[in-house]
Amino acid sequence: MAARRRIDPGDGMTALRRWAREPGADRGTTATAVRFTLEELAACAPGGAVEVRVPPFGVTQAVAGTTHRRGTPPSVVETDPATWLALATGRSAWRDAVDNGTLRASGERCDLSPYLPLVPLGAEAVRDPDHSNSSHE
């Protein structure tokens, strides 16, 4: 059974693009972008073997394998919102985040690099739609 989405995909992409465009985006934008990308991870890597924590905005379980019911899960990934969004959009590499200490990962199956980036944002995707060139219309 697929996880129920709480963030509308359109709203999620809008928040993610805004976060990518605006360094220091507001808390609401960042929260929506984080929650959206966590939902994307759960959709592309369904399961409960790894708990991914991005405090204070969200947590999800993902990756097929053993599941836990209570207590600390066998595999945990935890990072801050900026690092998570950089990973989710391809602006940062998994190994770099682990090496510089902005991401902590422990347990089996905790390497999420095969699933990243979740939503690659190139220059075209980040462009402000209100200021786009409409000469192709």
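Here the structure is a predicted model, which is why all the values come from computation and not from measurement.

What is the right way to look at the pattern of salt bridges in this model?
Here the idea is simple: oppositely charged side chains can pair when their charged atoms come close. This model, assessed by the stated rule, comprises seven salt bridges. A salt bridge links R21 to E22, with the shortest nitrogen-to-oxygen separation between them at 4.0 Å. A relative accessible area of 27% means that R21 is categorised as partly exposed. Overall, the relative accessible area of 34% leaves E22 in the partly exposed class. Via salt bridges that share partners, R5, E39 and E40 belong to a single interconnected network.

Help me out: how do you make sense of unusual backbone geometry in this one?
For the bond from P55 to P56, the omega torsion is 5°, close enough to zero to count as cis. On the secondary structure map, P56 appears in the loop between strand 1 (50-54) and strand 2 (58-62). With omega at 0°, the peptide bond leading from L116 into P117 counts as cis. Here P117 lies in the loop between strand 4 (103-106) and helix 5 (123-126).

When you look at the environment of A20 in this model, what are you seeing that I'm missing?
Take A20: it is sitting in helix 1 (residues 9-21). The class for A20 is buried, based on a relative accessible area of 12%. Linking A20 and T30, residues ten residues apart in sequence, is a C-alpha distance of 9.7 Å.

Please clarify how the side chain of S75 should be interpreted in this entry.
By the secondary structure assignment, S75 is in strand 3 (residues 75-79). In this structure, S75 is in contact with A49, V50, E51, S106, G107, E108, R109 and C110, ignoring residues within four places of it in sequence.

For this particular structure, what's the right way to read helix 1?
Residues spaced three or four apart along an α-helix face the same direction, because each turn holds 3.6 residues. Look at helix 1: 18 Å from first C-alpha to last across 13 residues, which is about the 18 Å you get at 1.5 Å a residue. Buried within helix 1 we find G12, M13, A15, L16, W19 and A20. Looking straight down helix 1, one finds that the buried residues subtend no more than 165° of arc, so they occupy a single side. Residue D8 occupies the N-cap position of helix 1, its side-chain oxygen lying 2.9 Å from the main-chain nitrogen of G10.

Cut-offs and rules
- Residues numbered from 1 in each chain as written.
- Predicted model: local features only at pLDDT ≥ 70, side-chain atom pairs only at ≥ 80, totals over all residues.
- Heavy atoms only, no water.
- Salt bridge = Lys/Arg side-chain N within 4 Å of Asp/Glu carboxyl O.
- Buried < 20%, exposed > 50% of the residue type's maximum accessible area, 1.4 Å probe, protein only.
- Helix = DSSP H or I, 4+ residues; strand = E, 2+ residues; numbered from the N terminus.
- Contact = heavy atoms within 4.5 Å.
- Expected span 1.5 Å × (residues − 1).
- Arc of directions from axis to C-beta.
- Polar contact = N/O pair within 3.5 Å; in protein donor to acceptor, adjacent residues only side chain to side chain.

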